[in-house]
Amino acid sequence: ETFDFEFYSEKEREIFLSRYAGAKLPQKQGIKELLQWLKDNGIKTAVASSTNRETVKQELADGGLLDYFSVVIGGDMIERSKPAPDIFMEACRQLNVLPEDSFIIEDSYNGIRAAHAAGAKAIMVPDLLQPTEEIRELVYSVQDSLVHVRKMLEQEINF
């Protein structure tokens, strides 16, 4: 009851921005190559993040990635966050694609749960968390890197 959430939330944001704003947020190996391949092949892409949309757009712009995405969905645009499928359903709606025809790349358990609940093909690229038995049952594939995701998609997608 006495915890000042707003104060600590603002402090967390200040620390994050001091460390990662202005293109200092680390990028996963192979991200630009994967996004360029998707763009070159006319595959629609979206970012669906629990973070507020304007923050996500700024982080993508800072990293030189914003122009690769047709749609950016933020947590402030949906009612229920992951593991509910809402954010991925909204991304699919805006892209005008069916969830079952979509691949969703995730590194979090709740992201995988949400992708699965949406009916999409969830690809996990582990970061801090390795897939558990539960998560392995929900994913379409686990890949070590985005480089491997691209190789997998090259084989999976029929042009």
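Below you will find a few notes about this structure.

Criteria and thresholds
Residues numbered from 1 in each chain as written. Predicted model: local features only at pLDDT ≥ 70, side-chain atom pairs only at ≥ 80, totals over all residues. Heavy atoms only, no water. Helix = DSSP H or I, 4+ residues; strand = E, 2+ residues; numbered from the N terminus. Rg over C-alpha atoms; globule rule 2.2 N^0.38 Å. Buried < 20%, exposed > 50% of the residue type's maximum accessible area, 1.4 Å probe, protein only. Contact = heavy atoms within 4.5 Å. Core = buried A, V, L, I, M, F, W, Y, C linked by side-chain atoms within 4.5 Å. Phe/Tyr/Trp six-rings, centres within 6.5 Å; stacked < 30°, edge-to-face > 60°. Lys NZ or Arg CZ within 6 Å of the ring centre and 35° of its normal. Arc of directions from axis to C-beta. Right-handed = clockwise from strand over helix to strand, strands pointing away. Patch = residues over 30% accessible without salt bridge, like charges linked within 9 Å, V, L, I, M, F, W, Y side chains within 5 Å. Areas by Shrake-Rupley, 256 points an atom, 1.4 Å probe, with all protein chains shown as cover. Salt bridge = Lys/Arg side-chain N within 4 Å of Asp/Glu carboxyl O. Pairing = 2+ DSSP bridges. Polar contact = N/O pair within 3.5 Å; in protein donor to acceptor, adjacent residues only side chain to side chain.

### Remarks on the overall build of the chain
- Looking only at helices and strands, the chain features 7 helices and 5 strands.
- Along the chain direction, N to C, the helices and strands of the chain fall in the order α-α-β-α-β-α-β-α-β-α-β-α.
- Scaling as 2.2 N^0.38, a compact globule of 159 residues should have a C-alpha radius of gyration of about 15 Å, and the chain matches this with 16 Å.
- Its C-alpha atoms put the chain at 55 × 35 × 30 Å along the principal axes.
- The buried share of the chain, reckoned over its 159 residues, is 38%.
- Within the chain, contacts between residues at least 6 apart in sequence are counted, and of these 49% link residues at least 24 apart.

### Some words on the nonpolar core
- Counting residues in each nonpolar core, the largest one holds 20 residues, and the members touching the most others are A48, I73, I87, F88, I112, M124 and I135.
- Elements represented by at least two residues in this core include exactly β2 (71-74), α4 (86-95), α5 (109-118), β4 (121-124) and α6 (133-138).
- Other than its neighbours up to four places away in sequence, I112 contacts E106, A122, I123, M124, I135, L138 and V139.
- With 19 residues, the next largest nonpolar core counts L34, L38, L153 and I157 among its residues.

### A word on the packing of aromatic side chains
- Throughout the structure, instances matching the rule amount to 1 aromatic pair.
- Centre to centre, the rings of F103 and Y140 are 5.7 Å apart; their planes meet at 75 degrees, and the pair counts as edge-to-face. With F103 in strand β3 (residues 103-106) and Y140 in the loop between α6 and β5 (141-142), this residue pair connects regions lying 37 residues apart in the sequence.
- Take Y140: its relative accessible area is 39%, and that puts it in the partly exposed class.
- Sitting over the face of the ring of Y68, K39 holds its NZ or CZ atom 5.6 Å from the ring centroid.
- Sitting over the face of the ring of F103, K121 holds its NZ or CZ atom 5.1 Å from the ring centroid.

### Structural notes on helix α7 (residues 146-156)
- Those residues of α7 that fall on the buried side of the exposure criterion are L146, V149, M152 and L153. Down the axis of α7, the smallest arc covering the buried residues is 110 degrees, so these residues share one side.
- Buried-residue contacts for α7 involve α2 (31-40), β3, β4 and β5.

### What to know about the pairing of β3
- Burial along β3 is one-sided: the face carrying I104 and E106 is buried and the face carrying F103 and I105 is not.
- Handedness of the β-α-β unit built from β3, α5 and β4 comes out right-handed.

### Quick notes on a nonpolar patch on the surface
- A surface patch of nonpolar side chains, about 480 Å² in accessible area, is lined by F3, F5, F7 and Y8.
- With respect to the helices and strands, the residue F7 is situated in helix α1 (residues 5-20).
- Classification of F7 as partly exposed rests on a relative accessible area of 41%.

### Some points on the sheet that holds β5
- Pairing is parallel in the open sheet, where 3 strands are placed in the order β3-β4-β5. The sheet is open, and its two edges are formed by β3 and β5, each paired on a single side.
- As paired elements, β3 and β4 share 4 bridges and run parallel to each other. Residue pairing across strands places I104 opposite A122, the latter belonging to β4.

### Details of the side chain of S145
- When you line up the elements, S145 lands in the loop between β5 and α7.
- Among the polar contacts listed, one links the side chain of S145 to the backbone nitrogen of V147, at a separation of 3.3 Å.

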